[in-house]
Amino acid sequence: IKKIGVLTSGGDSPGMNAAIRSVVRTCAYHNIECIGIYRGYQGMIEGDFKEMGPRSVNNIVNKGGTILKSARSKEFMTPEGRKKAHQNLVAAGVDALVVIGGDGSFTGAEVFNSEYDYPVMGIPGTIDNDIFGTSHTLGFDTALNTVVECIDKIRDTASSHNRLFLVEVMGRDAGHIALNAGIGAGAEEILIPEEDLGLDRLLDSLRRSKASGKSSSIVVIAEGDKIGKSVFELKDYIEENFPEYDIRVSVLGHMQRGGAPTCYDRVLASRLGVKAVESILEGKSNFMVGIVNDKVALTPLEQAIKGHSEIDRELLRVSDIMST
Ligand code: ATP
């Protein structure tokens, strides 16, 4: 291995830049070349490459987003697209690939590996934390801190007006952001896709909390929650059944994907980048690097894609007890 390519793909997340920096500098440390590939797989197909040395990643450890840009590429889903991408890598002398992205990006990497026996290594970058084989994905911790900061602010206005706030957070089909940020921000109830709380229990809980003297409440709702209603429909439903409450909805949206990465995400990105490059140099391929029991560990890409990142049941219980 003389040259490694690095790209970011799918949804961006804070910490991706720190991971690019780590990959680039680990390559330099081991005296191998590094090529940055712009706009994910689409840039691979178009040959949008740039040589990257250790100084080309100055001052990015603290930046959100990704300097390499990210994209979704329909063309890479086709054998013709992947053929072009492979030809470009071969022409540029790139021997292996580090893919920073989510499960879709890993699926693309795995397909590419099986077609061309091309060495690939994945680094999990998504705020949703929905990838098996790592306790934390890049950006998750930053997103949690962003959500908690927002809810703290919402709490100020909620308590001044005796309001019930329904706060929708990201996470796609996973409730990791909702559950962790909900506990951290002191939410009354947390609705997540993994656990069907049911509307009756929600109303009961709100009634109990009102009866116990709470004048305002915050309910955190994961965007993928399966209670069967949008957050706005849920507002209408609670209002009909519980007219005592003045309800407001806040959908936090894309601010959760931005911002300077937390120290945790920067350290994580640095560790995963080192491990990704060094694993490639040891001849390994088709793995994702992640954190398991606080240690850096490899998980086969196939398992990372197909496995399910479970919700921690202990957190559900803690959340229940905290809303007493
Ligand atoms: P996020 O979790 O933030 O959405 P992701 O990596 O899951 O990130 P996707 O849009 O699902 O994002 O995938 C990124 C890209 O990976 C796709 O645009 C496509 O180019 C490639 N990809 C996904 N699935 C496949 C597949 N089955 N075959 C080839 N390429 C794929």
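Residues numbered from 1 in each chain as written. Predicted model: local features only at pLDDT ≥ 70, side-chain atom pairs only at ≥ 80, totals over all residues.

Chemist: Even after reading the chapter, I still don't get the overall build of the chain, so can you show me in this structure?
Modeler: Within the chain, the secondary structure is distributed over 11 helices and 11 strands. The C-alpha radius of gyration of the chain comes to 22 Å, within 12% of the 20 Å expected for a compact globule of 324 residues. Along the first, second and third principal axes, the C-alpha atoms of the chain reach 70 × 35 × 30 Å. Expressed as a percentage of the 324 residues in the chain, the buried residues total 46%. Partitioning the contacts of the chain with sequence separation of at least 6, the portion at a separation of at least 24 is 76%. (Helix = DSSP H or I, 4+ residues; strand = E, 2+ residues; numbered from the N terminus. Rg over C-alpha atoms; globule rule 2.2 N^0.38 Å. Buried ≥ 20, exposed ≤ 12 C-beta atoms within 10 Å, placed from the backbone. Contact = placed C-beta atoms within 7 Å.)

Chemist: Would you mind going over the site of the ligand with me for this structure?
Modeler: Residues in contact with the ligand amount to 17 residues; listed here are only the nearest, Gly 10, Gly 11, Gly 102, Gly 104 and Gly 108. Element by element, the count of residues in the shell around the ligand is highest for helix H4 (residues 103–116), at six residues. Its residues assigned to classes, the shell around the ligand comprises four nonpolar, 11 polar and two charged. (Near = placed C-beta within 6 Å. Nonpolar A, V, L, I, M, F, W, Y, C, P; charged D, E, K, R; others polar.)

Chemist: So what exactly am I meant to see when it comes to the UniProt feature "binding site: Mg(2+)" (unreviewed entry) in the chain here?
Modeler: When the UniProt feature table is mapped to this numbering, "binding site: Mg(2+)" (unreviewed entry) covers Asp 103. Mapping Asp 103 onto the fold places it in helix H4. Since 22 C-beta atoms lie within 10 Å of it, Asp 103 is described here as buried. Excluding anything up to four places from it in sequence, Asp 103 contacts Ile 131 and Ile 305. (UniProt positions renumbered as here; feature names shortened; annotations may be inferred.)

Chemist: Please explain unusual backbone geometry as it appears in this structure.
Modeler: Peptide bonds are mostly trans, and most non-glycine residues show a negative phi. Phi angles above zero are rare outside glycine, and Lys 69 is one such case at about 60°. Looking at the secondary structure, you find Lys 69 in the loop between strand E3 (49–51) and helix H3 (79–91). The backbone phi angle of Asn 293 is positive, close to 50°, even though this residue is not glycine. By secondary structure assignment, the location of Asn 293 is in the loop between strand E10 (287–292) and strand E11 (295–300).

Chemist: Just to check I follow, could you spell out helix H5 (residues 140–161) for this structure?
Modeler: One turn of an α-helix holds 3.6 residues; hence residues three or four places apart share an orientation. Between its first and last C-alpha, H5 extends 31 Å over 22 residues, near the 32 Å set by a 1.5 Å rise per residue. Restricting attention to buried positions, one finds in H5 the residues Phe 140, Asp 141, Thr 142, Ala 143, Leu 144, Thr 146, Val 147, Ile 151 and Ala 158. Contacts from the buried residues of H5 go to strand E6 (163–169), helix H6 (176–184), strand E8 (217–222) and helix H9 (263–281). Once H5 ends, the next one or two residues include Asn 162, with phi positive near 55°. (Expected span 1.5 Å × (residues − 1).)

Chemist: What is the right way to read the sheet that holds strand E1 (residues 3–8) from this model?
Modeler: Within a sheet, neighbouring strands are paired by backbone hydrogen bonds and run either parallel or antiparallel to one another. Ordered by their spatial adjacency, seven strands build an open sheet running E3-E2-E1-E4-E5-E10-E11, and the pairing between neighbours is mixed. Of all the strands in the sheet, just E3 and E11 have a single pairing partner and so form its edges. For this sheet the average axis-to-axis angle between neighbouring strands, irrespective of direction, equals 30°. The pairing of strand E2 (residues 33–37) with E3 spans three bridges and is classified as antiparallel. The partner of Ile 37 across the bridge, within E3, is Phe 49. The strands touched by helix H1 (residues 16–29) are E1, E2, strand E4 (96–101) and strand E5 (120–124); relative to E1, the strand with the most contacts, the crossing angle is about 180°. (Pairing = 2+ DSSP bridges. Axes fitted to C-alpha atoms, helices over the stretch in contact; angles between N-to-C directions.)

Chemist: Any chance you could explain the nonpolar core here in plain terms?
Modeler: Ranked by internal contacts, the top residues of the largest apolar core, which has 50 residues, are Ala 19, Val 23, Val 98 and Ala 276. Of the residues forming this core, the biggest block, seven residues, is contributed by H1. Apart from residues no more than four positions distant in its own chain, Ala 276 is found in contact with Val 23, Val 98, Met 121, Ile 123 and Val 289. Listed in part, the 30 residues of the second largest apolar core include Met 170, Ile 177, Ala 187 and Ile 218. (Core = buried A, V, L, I, M, F, W, Y, C linked by C-beta atoms within 7 Å.)

Chemist: Help me out: how do you make sense of the sheet that holds strand E9 (residues 246–251) in this one?
Modeler: The sheet built from four strands is open, its strands ordered E7-E8-E6-E9 with parallel pairing. Only two strands of the sheet have a single neighbouring strand rather than two, namely strand E7 (189–191) and E9. Along the sheet, successive strands turn relative to each other by an average axial angle of 20°, direction set aside. Of the strand pairs in this sheet, E6 and E9 are connected by six bridges, and their pairing is parallel. Looking at E9, one finds that Leu 164 is bridged to Ile 247. Running over the sheet, H5 touches E6, E8 and E9 and is turned about 165° from E6. Contacting E6, E8 and E9, helix H8 (residues 231–241) runs over the sheet at an angle of about 170° to E9.

Chemist: Looking at this model, I keep getting lost on the pairing of E11. Mind explaining?
Modeler: Along any regular strand the residues' side chains alternate between the sheet's two faces. Here six bridges tie E10 to E11, and the two strands are oriented antiparallel to one another. Following the sheet pairing, Phe 287 is matched in E11 by Pro 300. Between E10 and E11, which follow one another and run antiparallel, lie two residues, and Asn 293 among them has a positive phi close to 50°.

Chemist: Honestly, the packing of H6 against helix H11 (residues 313–322) in this entry has me stumped. Any pointers?
Modeler: Angle between the axes and distance between the axes are the two parameters that describe a pair of packed helices. Between H6 and H11, whose axes approach to 10 Å, the crossing angle comes to 35°. Between H6 and H11 lies a crossing of left-handed hand. Touching Leu 179, Asn 180, Gly 182 and Ile 183 of H6 are Leu 315, Val 318, Ser 319 and Met 322, all from H11. The class makeup of the residues in the contact of H6 with H11 is five nonpolar, three polar and no charged. (Left-handed = near helix turned anticlockwise from the far one by under 90°.)

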